[in-house]
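Residues per chain are reported as follows:
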Amino acid sequence: MLLMKKDAAARSATHSVPSEETVIVVEFSPFDNCGADSLIAYGGDNYVVVGNCRFQEEDADIKGMEYKTLQTFHRGVRVCAIAWSPETTVDTVTHLVKLCTADADRKLRLLTSDLRDNTTWQVIEGHTDYINDLVFEPINGKQIASVSDDHTCRIWDLDGNQKTSFLLHSPGMSLCWHPEDVFKLMVAEKNGIIRFYDLVTLQAILSVDCGQMPLMSADWCLGNTIKVGAVAGNDWLIWDITRSSYPQEKRPSHLDGAQRFRWSKANENLFATTGYPGKMNSQLLVHHLGHPQAIMVGSAPVASGLSWHRTLPLCAVGGDRKVLFWMTEM
């Protein structure tokens, strides 16, 4: 445990929600169209579950957290990634859930549901290998981008038609769509290169380089879009894209290899990384820019997926028949 010796002591999750199966993917909705509650979707080998949750930090009448399953979708195919559409609205009047999954059979599935009787799954086919990430265009939600081990990034309309495809130099691992400029897309590749594409010209306008492989995950800080982060090998890396294509900061974090990187949505200086399940437990590390060591270490026997709450410094991770939540001090 050499890398961890100066870090905070590992702690178990602040809250958890039971699940019928091991949770591989978990994703908070990043959009604020769901009233006071936060929507969350998670899934594993057979199910995708949509629920809502609320925490004591948001509502003094709640002890810990409140969670309610809105609908469970039995699918019989393993989910690999989930993306929320900005068209999703769940309030007192309207119930419309729209999300898309990337599944182990190399297909995307677009879910539209009123959480009652009307549910459709639109199958989107075209990738020829494992799909690693997907994202909705964040303003109108009329397009979906996906990246795959087939060395392509593809953009689809909601009818499943491929609108655009561009070739990558290695497997595509992560995608982010600029929150205000719908013509800018970040694509991170396994070879350690992160490119920013102009979707009008389909040309890369900027790139940054890890200088190492394999890049497993990258994220664009949507609160401050000059900041990009990634994990590659055992390290996390941060760039200021206005200054250099080389990382501004880089530190070792996970002995067994780093798996995911996500910026907090509540604080642009917080980010989280996860490692692969090692010889003992999987680790979730929460870092604060400017602090040399992790400010929080979470530990669980099995951990997969990683998502931040929209307004709280709270991470969700998939676990063994449960979803795990860690609250961080700001």
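Note that residues are indexed from 1 along each chain, following the sequence as it is written. Reporting in this predicted model follows two pLDDT cut-offs: at least 70 for local features of residues, and 80 or more for side-chain atom pairs to be given and counted; totals over whole chains, interfaces and linings ignore these cut-offs and use all residues. Side-chain descriptors were evaluated using all non-hydrogen atoms of the structure, hydrogens and water having been removed beforehand.

> Is there a simple way to explain the side chain of Gln 212 in this structure?
Within the element layout of this structure, Gln 212 appears in the loop between strand E18 (203-209) and strand E19 (215-220). Whenever two N or O atoms come within 3.5 Å, that pair is a polar contact, provided that in protein one can donate a hydrogen and the other can accept it, and provided that, for residues adjacent in sequence, both atoms are side-chain atoms. Only 3.1 Å separates the side chain of Gln 212 from the side chain of Asp 235, close enough to count as a polar contact. Two residues form a contact once any of their heavy atoms are found within 4.5 Å. When residues no more than four places from it in sequence are discounted, the contact partners of Gln 212 are Asn 191, Gly 192, Ala 232, Gly 233, Asp 235, Leu 237 and Lys 250. Every helix listed is a DSSP run of H or I at least four residues long, and every strand listed is a run of E at least two residues long, numbered separately from the N terminus.

> Mind showing me how you'd approach the packing of aromatic side chains here?
When we look at a pair of aromatic rings, we describe it by the centre distance and by the angle of the planes. Put simply, two rings from Phe, Tyr or Trp (the six-membered ring, in Trp's case) pair if the centres are within 6.5 Å, and we call them stacked under 30 degrees between planes, edge-to-face over 60, tilted for the rest. Considering all chains together, one arrives at nine aromatic pairs under this definition. Consider the rings of Trp 236 and Phe 271, whose centres lie 4.8 Å apart with planes at 70°: the pair is edge-to-face. With Trp 236 in strand E21 (residues 235-240) and Phe 271 in strand E24 (residues 270-275), this residue pair connects regions lying 35 residues apart in the sequence. Only protein chains enter the accessibility calculation, which uses a 1.4 Å probe; a residue whose area is less than 20% of its type maximum is buried, one above 50% is exposed, and one in between is partly exposed. You can call Phe 271 buried: its relative accessible area is 0%. Taking 5.5 Å as the distance between ring centres and 65° as the angle between the ring planes, the aromatic pair formed by Trp 263 and Phe 271 counts as edge-to-face.

> Is there a simple way to explain the pattern of salt bridges in this structure?
A side chain of one charge can pair with a side chain of the opposite charge when the charged atoms of the two come close. We define a salt bridge as a contact between a side-chain nitrogen of Lys or Arg and a carboxyl oxygen of Asp or Glu at a distance within 4 Å. Tallied over the entire structure, the rule returns 16 salt bridges. As a salt-bridge pair, Arg 78 and Asp 45 come within 3.1 Å of each other at their nearest N and O atoms. Taken together, the positions of Arg 78 in the loop between strand E5 (65-74) and strand E6 (79-84) and Asp 45 in the loop between strand E3 (38-43) and strand E4 (47-55) put the pair 33 residues apart, joining distant regions of the chain. Taking relative accessible area as the criterion, Arg 78 reaches 37% and is therefore assigned partly exposed. On the basis of relative accessible area, Asp 45 is assigned to the partly exposed category, the value being 37%. A salt bridge links Glu 189 to Arg 195; the shortest N-O distance between them is 2.8 Å. Since its relative accessible area comes to 1%, Glu 189 is described here as buried. A single salt-bridge network, built from bridges that share partners, covers Arg 75, Asp 103, Asp 105 and Arg 109.

> Where do I start with the sheet that holds strand E13 (residues 152-157) in this structure?
Sheets are built from strands paired through backbone hydrogen bonds, the pairs being either parallel or antiparallel. Spatially, the four strands line up as an open sheet ordered E11-E12-E13-E14, and their pairing is antiparallel. One side of each edge strand has no neighbouring strand; the edge strands of this open sheet are strand E11 (131-136) and strand E14 (162-167). Across the sheet, the mean angle separating the axes of adjacent strands is 15° when strand polarity is ignored. A strand pair is defined by DSSP finding two or more bridges across the two strands. Here E13 runs beside E14; their pairing, made up of five bridges, is antiparallel. Residue pairing across strands places Ile 155 opposite Thr 164, the latter belonging to E14. Throughout, an axis means a line fitted to C-alpha atoms (over the contacting stretch in the case of helices), and angles, computed between N-to-C directions, take values from 0 to 180 degrees.

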